Amino acid sequence: MFHLEDIQEPLTPREFTRCAIAVVFRWCDNVLTGRYSSVESVGSKLDCLERIYKNR
């Protein structure tokens, strides 16, 4: 897995979908296992992905 900060090139639709699913899955896993999960953090990561995707 890579970090959003490391992405330099625009994302393809497939990469965007995979990244978005990974972000949401990690949040869900944290909620289900009782670890701290911030909805704002998920939102900001998805916003970042969207900005990167729109730059293609």
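In every chain, residue numbers begin from 1 and rise along the written sequence. The model is predicted, so local features are restricted to residues of pLDDT at least 70 and side-chain atom pairs to those at 80 or more, both for listing and for counting; the totals for chains, interfaces and linings are taken over all residues. Heavy atoms throughout the structure, all of them, feed into the side-chain values; hydrogens and water do not.

Engineer: So what about the packing of helix α1 (residues 13-32) against helix α2 (residues 39-54)? Which residues, and what values?
Structural biologist: Note on method: axes are straight lines fitted to C-alpha atoms, helices fitted across the in-contact stretch only, with angles between N-to-C directions ranging 0 to 180 degrees. A helix here means a DSSP run of H or I that spans at least four residues, while a strand means a run of E at least two residues long, and both kinds are numbered starting from the N terminus. Between α1 and α2, whose axes approach to 10 Å, the crossing angle comes to 175°. With respect to their mutual orientation, α1 and α2 come out roughly antiparallel. Side by side, α1 and α2 meet where Pro13, Phe16, Cys19, Ala20, Val23, Val24 and Trp27 of the first sit next to Val39, Val42, Lys45, Leu46, Leu49, Glu50 and Tyr53 of the second. Of the residues contributing to the contact of α1 with α2, the split by class is 12 nonpolar, no polar and two charged. Geometric relationships in this document are graded by angle, where less than 35 degrees denotes roughly parallel, more than 145 denotes roughly antiparallel, 65 to 115 denotes roughly perpendicular, and other angles denote oblique. We call two residues contacting when some pair of their heavy atoms lies within 4.5 Å. All amino acids are sorted into three groups, where Ala, Val, Leu, Ile, Met, Phe, Trp, Tyr, Cys and Pro are nonpolar, Asp, Glu, Lys and Arg are charged, and the leftover types, Gly among them, are polar.

Engineer: Residues and numbers for the pattern of salt bridges, please.
Structural biologist: Where side chains of opposite charge bring their charged atoms close, a pairing between them can arise. When a carboxyl oxygen of Asp or Glu lies within 4 Å of a side-chain nitrogen of Lys or Arg, that pair is called a salt bridge. Inspection of the entire model under this criterion finds two salt bridges. The residue Asp29 makes a salt bridge to Arg35 at a minimum N-O spacing of 2.8 Å. A 1.4 Å probe rolled over the protein chains alone gives each residue an accessible area, and that area as a share of the maximum for its type sets the label: buried under 20%, exposed over 50%, partly exposed in between. Overall, the relative accessible area of 46% leaves Arg35 in the partly exposed class. Its salt-bridge partner being Lys54, residue Glu50 comes within 3.4 Å of it at the nearest N-O pair. Of this pair, Glu50 and Lys54 are both found in helix α2, four residues apart, which corresponds to roughly one turn of the helix. A relative accessible area of 34% means that Glu50 is categorised as partly exposed.

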